[in-house]
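# Commentary on secondary and tertiary structure
So you can see what is in the structure, the chains are spelled out below.
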Amino acid sequence: MTIRHILTAVSAVCGLGLAAAAADEIKVGVIAPFSGPFAQYGIQYQQAIEAFQSQHGTVAGEHEISFIYKDVGGVNPDQSRALAQELLIRDRVDYLAGFTFTPNALAVGPVITQSETPTVIFNAATSTINKESPFYLRTSYTLPQVSAPAAEWAYDQGIRTVVTTVTDYGPGIDAETAFKAAFEAKGGEVIESVRMPLSTTDFTPILQRVKDEAPDAVFTFLPGGPPTFSYTKTYNENGLREAGITFLGTAETEEINLQGLGEMAEGLQTVYHYSPAHDSEANRAFLTALSELHPDAIANWASVGAYDGVHLIYEMVEAAGSDGPKAVEAALGLEWESPRGPLEMDPETRTVIQNVYIREVARNAETGLLENVEQGVIATVGDLGWTK
Amino acid sequence: MTRPFIPALVMLIAAVAAFFLFPYNLAFLTRILIMIVLVLSLDLVLGFAGIATLGQAAMYGAGAYAAGLFAIHVWADPVAGLLIGALAGGALAALSGAVLMRTQGLTLIMLTIAVAQICAEIANQAREVTGGADGMRGIRPGKVLGLWEFDFIGITGYWYALTIAGLVFAALFVIGRSPFGLSLRGIHESPARMEAIGVSVYRRRLAAYTLGGGIAGIAGALSAQITQLVSLEAFSFTLSAEALIMLILGGTGRLYGAVLGTVIFMAVHHTAAANDPFNWLFVIGALVLAVVFFLPSGIAALPTSLKRLAKGGRHAGS
């Protein structure tokens, strides 16, 4: 039974016609945290969506596109699924989008398969999500996508021994696994893999241990915010920098907290797919549109994930309107220029193939602000964790 | 003797009416029903027996994971899954309660929180089994009693959850009036006196905690079957705390209070969050503050309070 049948049945029960779903309006339901400690994600998404609409209007093909925002709070799969059902059944959305956390994205899998609703993931970065339904499309990244190139790049720079320190939760372990596999495949050695409890605030003992091991580099994965701050502080204060142990990270020097890190962050190297300092016409246009609407807005990976997600939705709507399977079909293999560089929707993994950059934190001479300066593309890859 | 059944009947009619009034919100209504089961379990533990706990999510999570694993590896039958959930919740409560029920007050509260945290960490570490932070997926419950399939809109889910919530309510209604229930209230009022008249306070409290754990396990199992995914958040402190707020909102020690508090909290939460996804927490905060200040015994006590107010008013006038 398809969603149309079900909806017809429900409508008949309630004495409502299907006429309410006008052919010229396409609704997109955005499920994201808009309250609580992770509200920043929802705000970033919304700002990016508005920026995209101010640049490209609200019409794709012959369809008017509107967004409905739903707050999921934090990690809450029950709520996520209930919201998805409500959006599909009551609000009649044709597309779903958002999803910051993996469980929230996974929870809607059975629902979107049944309703054949293309669902664009703006953030959630675990490879396996896309295997749960053919209707998932991801415009963010996956952890192996940035961790494995980081390992290969490090080896090519002459780094032979590494200690990995990751936060002990899903994404951290994914990062550790991918880094280790890629580094050892090249011939390097991971001397030790430290998993730090999620609530760690004092990194001194861990980093002291790293210093004693005296590796060429320390690879780390931390959730954004305060842990990054104290980790980098300890890295500097305990003399790991002087000892010549290279810092290798991914999202640690993320833009929202970057200025707070201050001088300690300067020179830190990270491997990632987007920096607002990216030098391109598309990026400048995006940042201008964003700051015109929201002068205080800071662009980061969440913004660009949403921005490209909306781009993808516009393309799908133009090609297929509200026909879910056809829309996904149209999205596969699609190529476009994103603020982060060229993108391609991988037909197999349904995660974007993108450039991965090596960046270094430096102070911008003009603005006096810290930024992640891209020093080059080290890989152009899709989801490397797909076949694992 | 029929009077105590009237409110229960009204609630049942309301639940059936809700099905027809809000056909588009069945998923949300089902979540309310699951939460009602959890809050009822808390009412038994905290409201009846006076066991201060902030870790009811431990048993809820145990039930959810147990039911999920059972459905994936053993048998997809939902009712059997509920039993497994109840067993898991009850077993965890009995095990932890054997130690916890010897303590009281702040120590007890801290320990209940600790148990839930330990469970969450175990589930996090056992990634191979539980899926860790990604959540446990692949739960596909079979037909309820071999007859009704879980559908997309949530019709089966709603009636299924309503039946279970109704049965739990009825069971607690009976237990509350049984000698065991009355002895629990006695312990709540004065443990020393109950001890003096020869009641083993420890055993009664342990029994109540275990029973409450079993019911919380049922709630967890229900949520695993309806959402078809279990995440670490099933053990979260937030869940325990929210259940407690709902109970206090409605009024502790009254079954109607537990139901009313849950419905009001979740309905306000839902409407406020839908109308303003950014600032709705303010509304919830104001609601809780208002109830705590003006109706310290909960919303279920509103009629009594109003009566008292009216009487007081006459007194003042005369």
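Reading the values: the criteria
- Residues numbered from 1 in each chain as written.
- Chains lettered and ligands numbered in written order.
- Predicted model: local features only at pLDDT ≥ 70, side-chain atom pairs only at ≥ 80, totals over all residues.
- Domains from an automatic or database assignment.
- Contact = placed C-beta atoms within 7 Å.
- Nonpolar A, V, L, I, M, F, W, Y, C, P; charged D, E, K, R; others polar.
- pLDDT = per-residue confidence, 0-100.
- Helix = DSSP H or I, 4+ residues; strand = E, 2+ residues; numbered from the N terminus.
- Axes fitted to C-alpha atoms, helices over the stretch in contact; angles between N-to-C directions.
- Left-handed = near helix turned anticlockwise from the far one by under 90°.
- Pairing = 2+ DSSP bridges.
- Right-handed = clockwise from strand over helix to strand, strands pointing away.
- Core = buried A, V, L, I, M, F, W, Y, C linked by C-beta atoms within 7 Å.
- Buried ≥ 20, exposed ≤ 12 C-beta atoms within 10 Å, placed from the backbone.

## What about the domain arrangement of chain A?
All names here are of chain A. Domain boundaries assigned for chain A yield domain 1 (25–141 + 279–350) and domain 2 (144–272 + 356–381). The distance between the C-alpha centroids of domain 1 and domain 2 comes to 28 Å. On the domain 2 side, the residues contacting the 10 residues of domain 1 number 10 residues. Residues belonging to the side of domain 1 that touches domain 2 are distributed by class as follows: five nonpolar, five polar and no charged.

## Brief notes about the confidence of the model for chain B
Looking at chain B, the pLDDT average stands at 90 and 97% of residues meet or exceed 70. Of the two predicted TM-score estimates for the complex, the pTM is 0.86 and the ipTM is 0.84.

## Concerning the interface of chain A and chain B
Counting residues at the interface gives 32 residues for chain A and 26 residues for chain B. Every element with two or more residues in the side of chain A that touches chain B is listed here: helix H1 (3–14), strand E3 (63–71), helix H3 (77–89), helix H4 (102–107) and helix H5 (109–115) of chain A. When grouped by side-chain class, the residues that make up the side of chain A that touches chain B number 16 nonpolar, nine polar and seven charged.

## Concerning the confidence of the model for chain A
Predicted coordinates in areas of low pLDDT are best not read in detail. Residues and elements named next belong to chain A. Of the residues in chain A, 93% have a pLDDT of 70 or more, and the chain-wide mean is 89. When pLDDT is averaged over each element of chain A, strand E5 (residues 119–121) comes out on top at 97 and H1 at the bottom at 48. Confidence over residues 10–22 falls short of pLDDT 50; this stretch has 12 contacts with residues more than four positions distant or in other chains.

## Examining the packing of helix H6 (residues 143–156) of chain A against helix H7 (residues 170–186) of chain A
Residue and element names in this part refer to chain A. Remark: H6 packs on H7, axes separated minimally by 8 Å, with the N-to-C direction vectors making an angle of 35°. Relative to H7, H6 is oriented so that their crossing is right-handed. Every residue of H7 that contacts H6 at Leu 143, Pro 144, Ser 147, Ala 148, Ala 150, Ala 151, Glu 152, Ala 154 and Tyr 155 is listed here: Pro 171, Asp 174, Ala 175, Ala 178, Phe 179, Ala 182, Phe 183 and Lys 186. When grouped by side-chain class, the residues that make up the contact of H6 with H7 number 13 nonpolar, one polar and three charged.

## Observations concerning the pairing of strand E10 (residues 246–249) of chain A
Residue and element names in this part refer to chain A. Sheet topology note: the strand E9 (residues 217–221)/E10 ladder contains three bridges and is parallel. Within E10, the position partnered with Phe 219 by the bridge is Leu 248. One ladder, built from two bridges, connects E10 with strand E11 (residues 269–272); its direction is parallel. Its bridge partner being in E11, Gly 249 is matched across the sheet by Thr 270. At this point the chain moves from E10, through helix H10 (residues 255–261), to the parallel E11, and the crossover so formed is right-handed.

## Section: the sheet that holds E5(A)
Residue and element names in this part refer to chain A. If you walk across this open sheet you meet the six strands as E2-E3-E1-E4-E5-E6, and the pairing is mixed. Either end of the sheet is taken by a strand with one partner, and the two such strands are strand E2 (59–60) and strand E6 (136–138). Examined bridge by bridge, E5 and E6 share three bridges and lie parallel to one another. By the bridge assignment for E6, Thr 119 is matched with Tyr 136. Where H3 meets the sheet, its contacts fall on strand E1 (25–32), E3 and strand E4 (95–98), and the angle it forms with E1 comes to roughly 170°.

## Overview of the nonpolar core
In this structure, Val37(B) and Leu40(B) are the most contacted members of the largest nonpolar core, which totals 210 residues. At 18 residues, helix H2 (residues 26–48) of chain B tops the list of elements feeding residues into this core. Inspection of this core shows a minimum of three residues originating in each of domain 1 (25–141 + 279–350) and domain 2 (144–272 + 356–381) of chain A. Not counting the four nearest positions on each side in its chain, Leu40(B) is found in contact with Val168(B), Phe169(B), Leu172(B), Ile215(B), Leu255(B) and Ala258(B).

## Quick notes on unusual backbone geometry
Residues and elements named next belong to chain B. Positive phi, close to 55°, is recorded for Leu 145, a residue that is not glycine. Structurally, the position occupied by Leu 145 is in the loop between helix H6 (127–130) and helix H7 (155–177). Residue Leu 145 is classed as exposed on the basis of its 10 C-beta neighbours within 10 Å. The backbone phi angle of Gln 228 is positive, close to 60°, even though this residue is not glycine. Looking at where Gln 228 falls in the secondary structure, it is placed in the loop between helix H10 (201–227) and helix H11 (237–250).

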